[in-house]
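Here's the letter readout for the chains.
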Amino acid sequence: MNKILLLGAGLVAKPIAEYILANNMQLTIATRTISKAEKLITKHKNGKSVSWTIDDMETLEQMVSEHDLTVSLLPFNYHVTVAKLCIKHKKNMVTTSYVSPEMKTLDEEAKNAGIIILNEIGVDPGFDHMTAMRIIDKVKSEGGKIREFYSYCGALAAPEVADNPFRYKFTWSPRGVLMAGNNNARYLINNNIIDIHSENLFKNPLKIEFPEVGKMEVYPNRDSLAYIGIYKIPEVETMFRGTFRYPNWCESMDAMKSLGLLSTEKQNFEGKTFKEVVAEKMDVYPKNVKEKVAGRLRLSLESPAIVALDWLGYFSNEKVNPNEGSTFDITVGLMLKKMMLTEGARDMVIMQHTFLIEKANGQKEVVKSRLLDFPVNGDTSIARTVALPAAIAVKLILEGKITEKGVQIPVSKSIYEPVLSELEKMGIKMVEEWGMPE
């Protein structure tokens, strides 16, 4: 029986654990909070839990050496540490995280060890790669070319529960989402490279109508140009990857960035109220701070951003706690308090690819591909769409159906085709439309 080591027992772990145990594999879950692991393996004779933290490298090495494959759900900065142990003991590895530059340097060592370190096998990144490559490979097999490619994804509250002024709720800590909001971005439009500095990330979002959901906005996601090489489409003239949000989010985030409320600079908040923090950032007296913010941002008091900041608590007389940190930290704290998705409320994942393709005969047409996913059997949509591609990949690797070696992401047909086929059986499927006019 194949033995799997799962590092971490957060929200994504549940669908992975259930899939592995249901497919008659032995699972060890190693985590700081052992009660979470024990809850996931209840009534499964093939499961066991281990109390473990990342500073215990001796135990980690022993566990890696005793299992056939390690799935790392640890914070991304620990993946390379785990990967080096997997290479040392010639054990395969799976993560849902982006490939870091440090991870890339391990490619040759992993190949020499005869193992695969499969990264980016979640939803975004992961499902987006696989569903895009299925269309790209089909177009190329028929002699066509990809001229334009737009790809958008969003993990959101379902429409009926997107009921706060930000129109956003979190299924886990806001920290990662807010950190991504401090990124720069780069994309290609009509062969022109567009660089977007972090301070402008949320300005001028695209407006998209998504079927069954409604009006959405899209802001650019990281470096889209890197995917021209990853997807092997050097002929592309437009390449844009973006993130879906409901209206209100981009305006509100842009306002928070303009006010310095997403700054990671450490400062002392002792004795200060939230409105005093805002006033200090603006270098104004705290009285009537809401009106002063609206004036500085050239927004009305009824604008989504001002309403959102007021609702979040930034114009209140409440004291900031803790006394030390950054405005980024206190924004995370406020959002944790007021913007978490409550148990039983639905989340959703939406994704859309749009291609302009040029066929072998020179004719052009548009291809669209969409995903609309909601929770199933108690698993949030984001948990299952991140977890299940990884879980399926684990099974395929151990069955010898994925044979690539080295540091990989799921862009080759031998990986994406069997994973997508299995996901379709679980209702995770893009609906494709071909032959639309340019």
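Just above, that's the structure.
For clarity, every value in this text was computed on a predicted model and none was experimentally measured.

Draft legend 1. A look at the overall build of the protein. The helix and strand inventory of the protein stands at 16 helices and 18 strands. For the protein, with 438 residues in total, the buried portion stands at 54%. In the protein, of all internal contacts separated by at least 6 residues, the share reaching a separation of at least 24 is 69%. When the accessible area of the protein is evaluated, it comes to approximately 19400 Å², of which 48% is carbon and sulfur surface. Side chains of the protein give 55 positive and 55 negative charges; the mean places of these two sets differ by 1 Å.

Draft legend 2. Representation of the pattern of salt bridges in the model. As enumerated under the stated definition, the model contains 28 salt bridges in all. The partner of glutamate 424 in a salt bridge is arginine 134, with the nearest N and O atoms 2.8 Å apart. One end of the pair, glutamate 424, is in helix H16 (residues 413-425); the other, arginine 134, is in helix H7 (residues 127-141), with 290 residues separating them in the sequence. Salt-bridge contacts for arginine 147 lead to glutamate 237; the nearest nitrogen and oxygen are separated by 3.7 Å.

Draft legend 3. Examining the environment of methionine 335 more closely. Tracing the chain through its elements places methionine 335 in helix H14 (residues 327-338). Separated by 166 residues in sequence, methionine 335 and lysine 169 have C-alpha atoms that sit 8.6 Å apart. Not counting chain neighbours up to four residues away, the residues in contact with methionine 335 comprise Phe166, Phe170, Pro174, Leu178, Met256, Leu312 and Met340.

Draft legend 4. Looking closely at the pairing of strand E15 (residues 347-358). In terms of burial, E15 is a largely internal element, 12 of the 12 residues being buried. On E15, burial covers both faces: Asp347, Val349, Met351, His353, Phe355 and Ile357 on one face and Met348, Ile350, Gln352, Thr354, Leu356 and Glu358 on the other are all buried. By the bridge criterion, 12 bridges tie strand E7 (residues 145-157) to E15 in an arrangement that is antiparallel. Paired with cysteine 153 across the strands is methionine 351, a residue of E15. The pairing of E15 with strand E16 (residues 364-373) spans 10 bridges and is antiparallel. Bridge assignment links leucine 356 to a residue of E16, and that residue is valine 366. Hairpin remark: E15 followed by E16, antiparallel, with 5 residues in the connecting loop; positive phi at glycine 362, about 90°.

Draft legend 5. The environment of alanine 162, seen in detail. Within the fold, alanine 162 resides in the loop between E7 and helix H8 (175-180). Judged by its relative accessible area of 9%, alanine 162 is buried. As a C-alpha pair, alanine 162 and phenylalanine 149 span 13 residues in sequence and 29 Å in three-dimensional space. Discounting chain neighbours no more than four positions away, the residues touching alanine 162 are Ala157, Arg167 and Tyr246.

Draft legend 6. Local environment of the side chain of arginine 147. In this fold, arginine 147 is placed in strand E7. Given the relative accessible area of 14%, arginine 147 is considered buried. A distance of 3.2 Å separates a polar atom in the side chain of arginine 147 from the backbone oxygen of glutamate 235. Setting aside residues up to four positions removed in sequence, arginine 147 forms contacts with Glu235, Val236, Glu237, Thr238, Leu356 and Glu358.

Draft legend 7. Structural detail: unusual backbone geometry. Residue aspartate 124 is joined to proline 125 through a cis peptide bond whose omega torsion reads 15°. Tracing the sequence through the fold places proline 125 in the loop between strand E6 (116-118) and H7. Even without a glycine there, the phi angle at asparagine 191 is positive, about 70°. Tracing the chain through its elements places asparagine 191 in the loop between strand E8 (185-189) and strand E9 (192-196).

Draft legend 8. Spotlight on the packing of helix H11 (residues 274-282) against helix H12 (residues 289-297). Interaxial distance between H11 and H12 falls to 10 Å at its minimum, and their mutual angle equals 35°. Helix-helix and strand crossings are classified by hand; for H11 and H12 the assignment is left-handed. In this structure, H11 contributes Lys275, Val278, Ala279 and Met282 to the contact, and H12 contributes Val289, Lys292, Val293 and Arg296. Of the residues belonging to the contact of H11 with H12, the class tally is 5 nonpolar, no polar and 3 charged.

Draft legend 9. Fine view of the pairing of strand E1 (residues 3-7). The buried count for E1 comes to 4 of 5 residues, which makes it a mostly enclosed element. Direction of pairing for E1 relative to strand E2 (residues 26-31): parallel, over a ladder of 5 bridges. Its bridge partner being in E2, isoleucine 4 is matched across the sheet by leucine 27. In terms of handedness, the path from E1 via helix H1 (residues 13-22) over to E2 forms a crossover that is right-handed. With 4 bridges connecting them, E1 and strand E4 (residues 69-72) associate as parallel partners.

Draft legend 10. Representation of the sheet that holds strand E17 (residues 406-408). Read from one edge of the open sheet, 7 strands run E3-E2-E1-E4-E5-E6-E17, paired in parallel fashion. The outermost strands of the open sheet, each flanked by one partner alone, are strand E3 (47-51) and E17. Averaged over all neighbouring strand pairs, the angle between strand axes comes to 20°, with direction disregarded. Examined bridge by bridge, E2 and E3 share 5 bridges and lie parallel to one another. Across the sheet, leucine 27 pairs through a bridge with glycine 47, a residue of E3.

Draft legend 11. Quick look at the packing of aromatic side chains. Inspection of every chain in the model, using the stated rule, returns 13 aromatic pairs. With 5.5 Å between their ring centres and 75° between their planes, tyrosine 152 and phenylalanine 244 make a pair best called edge-to-face. With tyrosine 152 in strand E7 and phenylalanine 244 in strand E12 (residues 238-245), this pair connects stretches of sequence that are 92 residues apart. Of the two residues, tyrosine 152 and phenylalanine 244, both sit in the buried class. Cluster of aromatic residues (ring-pair linked, three or more members): Tyr152, Tyr187, Phe210, Phe240 and Phe244. Positioned over the ring face of tryptophan 249 is arginine 245, at 5.4 Å from the centre of the ring.

Reading guide: rules and limits
- Residues numbered from 1 in each chain as written.
- Predicted model: local features only at pLDDT ≥ 70, side-chain atom pairs only at ≥ 80, totals over all residues.
- Heavy atoms only, no water.
- Helix = DSSP H or I, 4+ residues; strand = E, 2+ residues; numbered from the N terminus.
- Buried < 20%, exposed > 50% of the residue type's maximum accessible area, 1.4 Å probe, protein only.
- Contact = heavy atoms within 4.5 Å.
- Areas by Shrake-Rupley, 256 points an atom, 1.4 Å probe, with all protein chains shown as cover.
- Lys, Arg positive; Asp, Glu negative; His and termini not counted.
- Charge placed at Lys NZ, Arg CZ, Asp CG, Glu CD.
- Salt bridge = Lys/Arg side-chain N within 4 Å of Asp/Glu carboxyl O.
- Pairing = 2+ DSSP bridges.
- Polar contact = N/O pair within 3.5 Å; in protein donor to acceptor, adjacent residues only side chain to side chain.
- Axes fitted to C-alpha atoms, helices over the stretch in contact; angles between N-to-C directions.
- Left-handed = near helix turned anticlockwise from the far one by under 90°.
- Nonpolar A, V, L, I, M, F, W, Y, C, P; charged D, E, K, R; others polar.
- Right-handed = clockwise from strand over helix to strand, strands pointing away.
- Phe/Tyr/Trp six-rings, centres within 6.5 Å; stacked < 30°, edge-to-face > 60°.
- Lys NZ or Arg CZ within 6 Å of the ring centre and 35° of its normal.

None of the figures reported here should be taken as evidence of function without further support.
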